[in-house]
Each structure stands twice: as C-alpha cells, then as structure tokens.
Amino acid sequence: MEKHWVESIAPLIRQYGKRKHPLDYANRYQLVVMVILSAQDSDKHINEVAKDFFKSYPTMADLAKASLEDIQRLIGSVRNFGNKSNWLYKLAGTVGDDSKIPTTMAELTKLPGIGRKSANVIIRESGDVAEGIIVDLHVLRVAPRLGVAAGTKPEKVEKQLMEVFPASMWNEVGMSLSFLGRETCRPTNPKCPNCVMKTVCDYYNS
Ligand code: SF4
C-alpha cells in the first residue's frame, strides 16, 4: 500500500505539533543550557537541576563569569557532568551574551556540546526556520516502526524524514514523533490501540 505521509501524519501534528518541549525553560539561554544538560539524562531531572543553576547564573553573561569548578559543582548530579561542564564553560565564553545565541544550524553546531539533534530542538522551540528534523531516541524508535524511515543511524533517519516531508513541516514533525514515542509508542508494550497513527503503521499492521 502506498502511503501518503504528509496527509497521514496530520492527526499527530494536530495533537503535538505546537506542544512545548518538556524541558521547562523560560528563554533561549535556558533552553540552550538545558538541551546540553539533558543529553543522556531525563528532562525531569534537568528541570530540577536547572532551578539552582539559573539562580546562580540567570544569564549567559553571568555564566561567562563562572569558574569551571562552580559549574561542575552545580551540575554534579547530571550524567556526564564533566564533559557538560566543559561545554557550558566554553560555550558561555564563546557566546558571551543572551542576544548573541545563534539561530542557524551551521552556527549552533559549531558550539561545544551541540549536535544536529540539539540544534533542531533549539531551532524548533525558538520558532526559527527549520533546517532539519529532530531525531532523538524516541524518533529513532518510532519512525522505523511506522515505516516512514529505516535504519538505526540518526543522520540517516533524519535524511529520509526530510525527503518525505516538506521543510515547512520539519519543526512540527520531529517533535510530534518524539511525543508519540514518549507517551504512546513506548520501547516495550506500545499502546497501539490508542495510537492516532495505527492505520498507517507497519508495526501495528504486520
Ligand atoms: S501503532 Fe503502535 S507501533 Fe505504530 S506508532 Fe502507534 S504505538 Fe507505535
């Protein structure tokens, strides 16, 4: 059966397309810091850790004055905090001010600790022009189950999704697939009977 993904994904986009990312950030500075901290850790934990972090460093300019040791102390409970402390220390030194946080994929991915996935999240949450599609662990599981992409490599899955959907949908598609994975299409026991994508899903229909 030939699938028309742009039409088929409409109910999912209606459900999640505009929903804010679960990281509880208040501005772009907080978003960038929290996206870096959340790699391989849970959004819930980062929302907790961030409270004290932003009390100590309310802006990028404040963070640029911090010592590496102080950053390490504040994020000591975060997974891979050693690398993340270095990245935040260098990033704050490079960017220097909230107003200078980049908006494009090329500039964002030059910053320490920010790869394509993180840049796609920052661009989507900022409402900037999409240059790719968020492929996190959830999207990496959901897209092949649906049959809209194949493989296990994030870059390859992202490329396939970018070929299926027009650029105007990229910001919404990635995060919608991610929310589907977080809430319904769980690693074990996906809740298929409740899923808005079940009629077109390879996994469910096989
Ligand atoms: S129908 Fe099931 S396997 Fe397919 S996307 Fe939905 S929850 Fe995942």
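Glancing now at the overall build of the chain. Along the chain, the regular secondary structure elements total 13 helices and zero strands. Reading the secondary structure of the chain in the N-to-C direction produces α-α-α-α-α-α-α-α-α-α-α-α-α. The C-alpha atoms of the chain give a radius of gyration of 18 Å, which matches the 17 Å a tight globule of 206 residues would have. For the chain, the spread of C-alpha atoms along the principal axes amounts to about 60 × 30 × 25 Å. A total of 206 residues make up the chain; the buried ones form 40% of that total. At a minimum sequence separation of 6, the contacts of the chain that also span at least 24 residues come to 58%.

The local shell around the ligand holds 14 residues, among which Cys185, Pro190, Cys192, Cys195 and Cys201 are the closest. Broken down by secondary-structure element, the contributors of at least two residues to the shell around the ligand are helix 10 (137–146) and helix 13 (202–205). For the shell around the ligand, the leading source of residues is helix 10, giving three residues.

One can find Met105 in helix 8 (residues 105–108). In this structure the C-alpha to C-alpha distance between Met105 and Glu131, which are 26 residues apart in sequence, comes to 6.5 Å. Once residues lying within four places of it in the same chain are set aside, the contact partners of Met105 are Ala119, Ile123, Glu131 and Gly132.

Positive phi, close to 60°, is recorded for Gln40, a residue that is not glycine. Here Gln40 is to be found in the loop between helix 3 (28–38) and helix 4 (43–56). Exposure remark for Gln40: the 10 C-beta atoms within 10 Å place this residue in the exposed category. Within the chain, Asn189 stands out as a residue other than glycine whose phi angle is a positive 55°. Using a count of 7 C-beta atoms within 10 Å as the deciding quantity, one classes Asn189 as exposed.

Along helix 10, seven of the ten residues are buried, which leaves the element largely enclosed by surrounding structure. Of all the positions in helix 10, only His138, Val139, Leu140, Val142, Ala143, Arg145 and Leu146 are classed as buried. Lining the buried residues of helix 10 we find helix 11 (154–164), helix 12 (170–183) and helix 13. In the stretch just after helix 10, Gly147 is the one whose phi turns positive, near 95°.

With 62 residues, the main nonpolar core has Ile36, Leu88, Val139, Ala143, Leu161 and Val173 as its most contacted residues. The element that contributes the greatest number of residues to this core is helix 3, accounting for seven residues. Among the domains, domain 1 (7–19 + 133–205) and domain 2 (28–126) are the pair contributing at least three residues each to this core. Discounting residues that sit within four places of it in the chain, Val173 has contacts with Ile9, Ile133, Leu161 and Phe165.

Moving on, we come to the domain arrangement of the chain. Taken domain by domain, the chain holds domain 1 (7–19 + 133–205) and domain 2 (28–126). Once you take the C-alpha centre of each, domain 1 and domain 2 turn out to be 27 Å apart. In terms of residue count, helix 12 provides more of the side of domain 1 that touches domain 2 than any other element does, three residues in total. For the side of domain 1 that touches domain 2, the class distribution of residues is five nonpolar, two polar and two charged.

Before going further, it helps to spend a moment on the packing of helix 10 against helix 12. When two helices pack together, their arrangement is given by the angle between their axes and by how far apart the axes lie. The N-to-C vectors of helix 10 and helix 12 enclose an angle of 90°; their axes lie 8 Å apart at closest approach. By the criterion of interaxial angle, the relationship of helix 10 to helix 12 is roughly perpendicular. Contacts from His138, Val139, Arg141, Val142 and Ala143 of helix 10 reach helix 12 at Gly174, Leu177, Ser178, Leu180, Gly181 and Arg182. A per-class count over the contact of helix 10 with helix 12 returns five nonpolar, four polar and two charged.

To continue, consider helix 7 (residues 81–95). Here helix 7 spans 20 Å end to end across 15 residues, near enough to the 21 Å set by a 1.5 Å rise per residue. Residues Lys84, Ser85, Trp87, Leu88, Tyr89, Leu91, Ala92 and Val95 constitute the buried set of helix 7. Buried positions along helix 7 lie against helix 3, helix 5 (60–64) and helix 6 (68–74). Trailing helix 7 by a residue or two, Gly96 shows a phi angle of about 80°, which is positive.

Scoring rules and cut-offs
Residues numbered from 1 in each chain as written. Predicted model: local features only at pLDDT ≥ 70, side-chain atom pairs only at ≥ 80, totals over all residues. Helix = DSSP H or I, 4+ residues; strand = E, 2+ residues; numbered from the N terminus. Rg over C-alpha atoms; globule rule 2.2 N^0.38 Å. Buried ≥ 20, exposed ≤ 12 C-beta atoms within 10 Å, placed from the backbone. Contact = placed C-beta atoms within 7 Å. Near = placed C-beta within 6 Å. Core = buried A, V, L, I, M, F, W, Y, C linked by C-beta atoms within 7 Å. Domains from an automatic or database assignment. Nonpolar A, V, L, I, M, F, W, Y, C, P; charged D, E, K, R; others polar. Axes fitted to C-alpha atoms, helices over the stretch in contact; angles between N-to-C directions. Parallel < 35°, antiparallel > 145°, perpendicular 65-115°, else oblique. Expected span 1.5 Å × (residues − 1).

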